[in-house]
Amino acid sequence: MKKRLIVGNWKLHPKSLKEGERLLSGFSAVRGVETIICPPTVFLGELRSRFKGKTLSFGAQDLFWEFSGSYTGGVSSEMLKDRGAKYVLVGHSERRALGEVNDIVNKKLLAALKGGLVPILCVGEPARDLEGGYLEFLQNQLTACLKGVSRKMLVDVVIAYEPVWAIGQSFEKAMRPEEVHETSLFIRKIISDTYRREDGHSISILYGGSVEGENAGAIVSEGNVEGVLVGHQSLKPKEFAKIIEAIAKV
Ligand code: PGA
């Protein structure tokens, strides 16, 4: 069985390092499920040195694609790795909403791999239509963002499928497990068609978008995904613990 993954994307929270420490003290990671916390970059190094453990890993929410130079505000994959990051989100829909196009996401993904981080490539349609246009949208995103990624590099890529319309709601509004299953099959097929058949099976796919304790288990057991990407519930330790427990049981 492939490794189960749970990613907590803290976005622009919390306000202080102390508060971040409080959040991390409020739940326990469990064996068999890798729990990855993506705090704001400024808190990454300290949180990691205080809380690193076998089942708790850290990631960044974004990176810049160059490694050094005159790029005010930039943070490279090497710098993130130096602070203890193992993963990095690339192409989250909230970054795309600020103007990040596939081309930039692709550069960031390649830079993450080059710097030794595992990129978690976020893809997802803004809306669903009856004609299946969302499938074409997904295919284009995947193909463009994975440009230049060889089969060997693909082993270190995780795909997070996050339908934008399902983000930041409650579990009732999340995608149903059977729909997650259909879409993850579609993503696996694109990977199989682009690389080799077995690559579609072996790639790790996460679902994100209103994952809560109520739906996390079913999404992983019925959705044909290896784990979940959690936003708002990752800032509530008790609720996050429920998600971890639900997935550990699957
Ligand atoms: P959500 O966010 O769990 O609050 O829907 C998911 C995300 O944006 O990654």
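Predicted, not measured: the structure shown is a model, and the values here were computed from it.

K.L.:
Give me helix 1 (residues 17–25): which residues, what numbers.
P.N.:
Side chains of residues three or four places apart in an α-helix project in the same direction, reflecting 3.6 residues per turn. All buried positions along helix 1 are accounted for by Gly-20, Glu-21, Leu-23 and Leu-24. Around the axis of helix 1, the buried residues are gathered within 160° of arc, so they sit on the same side. Those residues of helix 1 that are exposed and angled more than 90 degrees off the buried face are Lys-18 and Ser-25.

K.L.:
Can you explain the packing of helix 1 against helix 2 (residues 41–51)? Please cite residues and give values.
P.N.:
Packing of helix 1 against helix 2 brings their axes to within 10 Å, and their N-to-C directions diverge by 40°. Judged by the sense of rotation from one axis to the other, the crossing of helix 1 with helix 2 is right-handed. Contact residues: Leu-17, Gly-20, Glu-21, Leu-24 and Ser-25 in helix 1; Phe-43, Glu-46, Leu-47, Arg-50 and Phe-51 in helix 2. Counted by class, the contact of helix 1 with helix 2 contains five nonpolar, two polar and three charged residues.

K.L.:
Could you give an account of the pairing of strand 4 (residues 87–90), with specific residues and numbers?
P.N.:
A regular strand places its side chains so that they alternate between the two faces of the sheet. Because side chains alternate across strand 4, one face comprises the buried residues Tyr-87 and Leu-89, and the other comprises Val-88 and Val-90, equally buried. In this sheet, strand 4 lies alongside strand 3 (residues 56–60) in parallel orientation, the contact comprising two bridges. Each bridged residue has a counterpart across the sheet, and for Ala-60 the counterpart in strand 4 is Val-88. Between strand 3 and its parallel partner strand 4, the chain crosses via helix 3 (residues 77–82), and the hand of that crossover is right-handed. In this sheet, strand 5 (residues 118–123) lies alongside strand 4 in parallel orientation, the contact comprising four bridges. Among the inter-strand pairings, Val-88 is bridged to a residue of strand 5, identified as Pro-119.

K.L.:
Please provide a residue-by-residue account of the pairing of strand 7 (residues 204–208), values included.
P.N.:
With five of its five residues buried, strand 7 lies for the most part within the structure. Every second residue of strand 7 is oriented toward a common face, with Ser-204, Leu-206 and Gly-208 on one face and Ile-205 and Tyr-207 on the other, all of them buried. Across four bridges, the pairing between strand 6 (residues 158–161) and strand 7 is parallel. By the bridge assignment for strand 7, Tyr-161 is matched with Tyr-207. As paired elements, strand 7 and strand 8 (residues 227–230) share three bridges and run parallel to each other. Note that in strand 8 the partner of Gly-208 across the bridge is Leu-229. Following the backbone out of strand 7, through helix 10 (residues 213–222) and into the adjacent parallel strand 8, one traces a crossover that is right-handed.

K.L.:
Give a detailed account of helix 11 (residues 237–249), specifying residues and quantitative values.
P.N.:
In this model, helix 11 (13 residues) spans 18 Å end to end at C-alpha, consistent with the 18 Å of a helix rising 1.5 Å per residue. Restricting attention to buried positions, one finds in helix 11 the residues Pro-237, Phe-240, Ala-241, Ile-243, Ile-244, Ala-246 and Ile-247. Where helix 11 is buried, its residues meet strand 1 (4–9), helix 1, strand 2 (33–38), helix 10 and strand 8.

Rules of the game
- Residues numbered from 1 in each chain as written.
- Predicted model: local features only at pLDDT ≥ 70, side-chain atom pairs only at ≥ 80, totals over all residues.
- Heavy atoms only, no water.
- Buried < 20%, exposed > 50% of the residue type's maximum accessible area, 1.4 Å probe, protein only.
- Helix = DSSP H or I, 4+ residues; strand = E, 2+ residues; numbered from the N terminus.
- Arc of directions from axis to C-beta.
- Axes fitted to C-alpha atoms, helices over the stretch in contact; angles between N-to-C directions.
- Left-handed = near helix turned anticlockwise from the far one by under 90°.
- Contact = heavy atoms within 4.5 Å.
- Nonpolar A, V, L, I, M, F, W, Y, C, P; charged D, E, K, R; others polar.
- Pairing = 2+ DSSP bridges.
- Right-handed = clockwise from strand over helix to strand, strands pointing away.
- Expected span 1.5 Å × (residues − 1).

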